[in-house]
Amino acid sequence: MTADVLPALTAGARTAAHPGDTACAHHDSVLADRHDGTVVRHGDTVAKAHAPGTDPVELSRRLETAAHPALTGTLLTPLRPKPVDLHGRLVTFWPYGTPVDPETPEAAPWEAAATLLARLHRTPAPDGLPAMRGPAKAARAIARLRAAGPHPAAAPVLRAWAALPAWARAEAPMPAVGTLCHGDLHLGQLVRHPAPVGPWLLIDVDDLGVGVPTWDLARPAAWYACGLLPPDEWTRFLTAYQRAGGPAVPADGDPWPALDVAARALTVQTAALAIAKSVGEDRPLDEVQQAVIDACDRMGFVPPELAHDPTA
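A. Molecular detail of the side chain of Asp 207. Secondary-structure assignment places Asp 207 in the loop between β9 (200-202) and β10 (209-211). In this structure Asp 207 comes out as buried when scored by relative accessible area, which is 1%. A polar atom in the side chain of Asp 207 sits 3.0 Å from the side chain of Arg 133.

Written out as structure tokens, the structure is:
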């Protein structure tokens, strides 16, 4: 983030928390500072500067969706209905929620995540909502991999990418499922609000939109397929989603014909980002990253015409 935006973002969080009065005892903290967004907390208020080039109309529609009464108790409600421009960056304001504790994986709220997803997927998508950005995010990961330069692990990842259908590579429209989707579901997208013991809610509307709901189950499915998520945790997640009436997979029977394309796409996305980051930081791949790349190597020779499609 540019040096002038971070202080302004912090000041914006203070103003949102205390309109007309910036004198308070709360400390400011930077919760995240990445290329795709910077998040600052002041007391019970959070300000997020979205990625450069974010479309203001699309972000406004996503904010309106998060604020809709039909999604109360599913998505965290923004404090303001519209983004504001701050030094050329779009900024949104949110109540603070307690995130999932990464130090206690045994307490990960898989059932809550799955139930919230099912509830989101069952909610009719409002008119004018843009497409879910999951495939576009995967395509950006591949672009980062290619921009990072040659790497010995890149070939199987690119083969696996080429084996995906065009919609999963953001090279064609998604199948006309039209489900309201989160677009980037992982445990970092849940918070308890009110903090620290309120109900779990989904956060981050950057990728929210209409699309194929299996994408929202794809990251845990990919982790399970790569051996990174224990079978019992995957079963907890999948079973909770099915019990809550989630439409992405059948209520019983084999879920993988529905999940296959999206799970492979998320595996490729994860592997591409792992390689790009290892090149950028001039460090070797670790065991977890190598496991994801190995999975790409195993699946990279599946012809697109043989791949399962969630609309088949």
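The structure having been displayed, the exposition proceeds.
B. The arrangement of the packing of aromatic side chains in detail. What the rule picks out here adds up to six aromatic pairs. When the centroid spacing of 5.6 Å and the interplanar angle of 10° are considered together, the rings of Tyr 224 and Trp 234 count as stacked. Placement of the pair is Tyr 224 in helix α6 (residues 214-225) and Trp 234 in helix α7 (residues 231-243), with a sequence separation of ten residues. Owing to a relative accessible area of 4%, Trp 234 belongs among the buried residues under this scheme. Taking 6.2 Å as the distance between ring centres and 25° as the angle between the ring planes, the aromatic pair formed by Tyr 224 and Trp 256 counts as stacked. Of this pair, Tyr 224 sits in helix α6 while Trp 256 is found in helix α8 (residues 256-280), placing the two residues 32 residues apart along the sequence. Classification of Trp 256 as partly exposed rests on a relative accessible area of 25%. Among the aromatic residues, those joined into a cluster by ring pairs are Trp 110, Tyr 224, Trp 234, Phe 237 and Trp 256. Over the ring of Tyr 96 we find Arg 41; its NZ or CZ atom is 3.5 Å from the centre of that ring. Note that Arg 80 overlies the ring of Phe 93, its terminal NZ or CZ placed 4.5 Å from the centroid.

C. Inspection of the sheet that holds β9 at higher detail. Strand order across the open sheet formed by three strands is β6-β8-β9, with antiparallel pairing between neighbours. The open sheet has two edge strands, β6 (98-99) and β9, and neither has a second partner. Looking at chain direction, strand β8 (residues 190-192) and β9 are connected through three bridges and run antiparallel. Note on β9: the bridge partner recorded for Val 191 is Leu 201.

D. View of the side chain of Thr 179. One can find Thr 179 in strand β7 (residues 179-181). Each residue touching Thr 179, except ones within four places of it in the same chain, is listed here: His 121, Gly 209, Val 210, Gly 211 and Pro 213.

E. Structural view of the nonpolar core. Counting 45 residues, the largest nonpolar core has Leu 190, Leu 217, Phe 237, Tyr 241 and Val 249 as its most contacted members. Among the elements of the structure, α2 (56-66), β5 (89-95), α3 (110-122), β8, β9, α6, α7 and α8 are those that each provide at least two residues to this core. Broken down by element, this core gets its largest block of residues, seven residues, from α3. Setting aside residues up to four positions removed in sequence, Leu 217 forms contacts with Leu 117, His 121, Trp 234, Phe 237, Tyr 241, Ala 248, Val 249 and Leu 259. In terms of nonpolar packing, the next biggest core, distinct from the first, is built from 33 residues, Trp 161, Trp 167, Ala 265 and Val 268 among them.

F. The pattern of salt bridges, seen in detail. What the rule picks out here adds up to 15 salt bridges. A salt bridge links Arg 219 to Asp 184; the shortest N-O distance between them is 2.4 Å. Taken as a pair, Arg 219 in helix α6 and Asp 184 in the loop between β7 and β8 lie far apart in primary sequence, 35 residues in all. Residue Arg 219 is classed as buried on the basis of its relative accessible area of 13%. Here Asp 184 falls in the buried class, since its relative accessible area comes to 8%. Look at the salt bridges and you will find they share partners, linking Arg 133, Lys 137, Asp 184, Asp 207 and Arg 219 into a network.

G. Structural detail: the environment of Ala 138. With respect to the helices and strands, the residue Ala 138 is situated in helix α4 (residues 134-147). Excluding residues that lie within four positions of it along the chain, Ala 138 makes contacts with Trp 161, Trp 215 and Gln 269.

H. Structural view of the packing of helix α5 (residues 154-162) against α8. Two elements in contact, α5 and α8, have axes separated by 10 Å at closest approach and are oriented at 150°. One finds that α5 runs roughly antiparallel with respect to α8. α8 is crossed by α5, and the crossing has left-handed handedness. Across the interface between the two elements, Ala 154, Val 157, Ala 160 and Trp 161 from α5 touch Val 268, Ala 271, Ala 272 and Ile 275 from α8.

I. Region of interest: the pairing of strand β1 (residues 28-34). With six bridges connecting them, β1 and strand β2 (residues 37-42) associate as antiparallel partners. For Ser 29, the partnering residue across the bridge sits in β2 and is Arg 41. Connecting the antiparallel pair β1 and β2 is a turn made up of two residues.

J. Region of the structure containing empty space enclosed by the protein. With the rule as written, the count across this model stands at one cavity of 30 Å³ or more. The space that makes up the largest cavity amounts to roughly 40 Å³. Elements supplying a minimum of two residues to the lining of the largest cavity: α4, α6 and α8. Of the residues that constitute the lining of the largest cavity, the class distribution is three nonpolar, three polar and three charged.

Calculation criteria
- Residues numbered from 1 in each chain as written.
- Predicted model: local features only at pLDDT ≥ 70, side-chain atom pairs only at ≥ 80, totals over all residues.
- Heavy atoms only, no water.
- Helix = DSSP H or I, 4+ residues; strand = E, 2+ residues; numbered from the N terminus.
- Buried < 20%, exposed > 50% of the residue type's maximum accessible area, 1.4 Å probe, protein only.
- Polar contact = N/O pair within 3.5 Å; in protein donor to acceptor, adjacent residues only side chain to side chain.
- Phe/Tyr/Trp six-rings, centres within 6.5 Å; stacked < 30°, edge-to-face > 60°.
- Lys NZ or Arg CZ within 6 Å of the ring centre and 35° of its normal.
- Pairing = 2+ DSSP bridges.
- Contact = heavy atoms within 4.5 Å.
- Core = buried A, V, L, I, M, F, W, Y, C linked by side-chain atoms within 4.5 Å.
- Salt bridge = Lys/Arg side-chain N within 4 Å of Asp/Glu carboxyl O.
- Axes fitted to C-alpha atoms, helices over the stretch in contact; angles between N-to-C directions.
- Parallel < 35°, antiparallel > 145°, perpendicular 65-115°, else oblique.
- Left-handed = near helix turned anticlockwise from the far one by under 90°.
- 1 Å grid on protein atoms, 1.4 Å probe; cavity = no way out; pocket = protein on both sides within 12 Å on 5 of 7 lines; lining within 4 Å.
- Points joined across faces, edges and corners; volume = space filled by probe spheres on them.
- Nonpolar A, V, L, I, M, F, W, Y, C, P; charged D, E, K, R; others polar.

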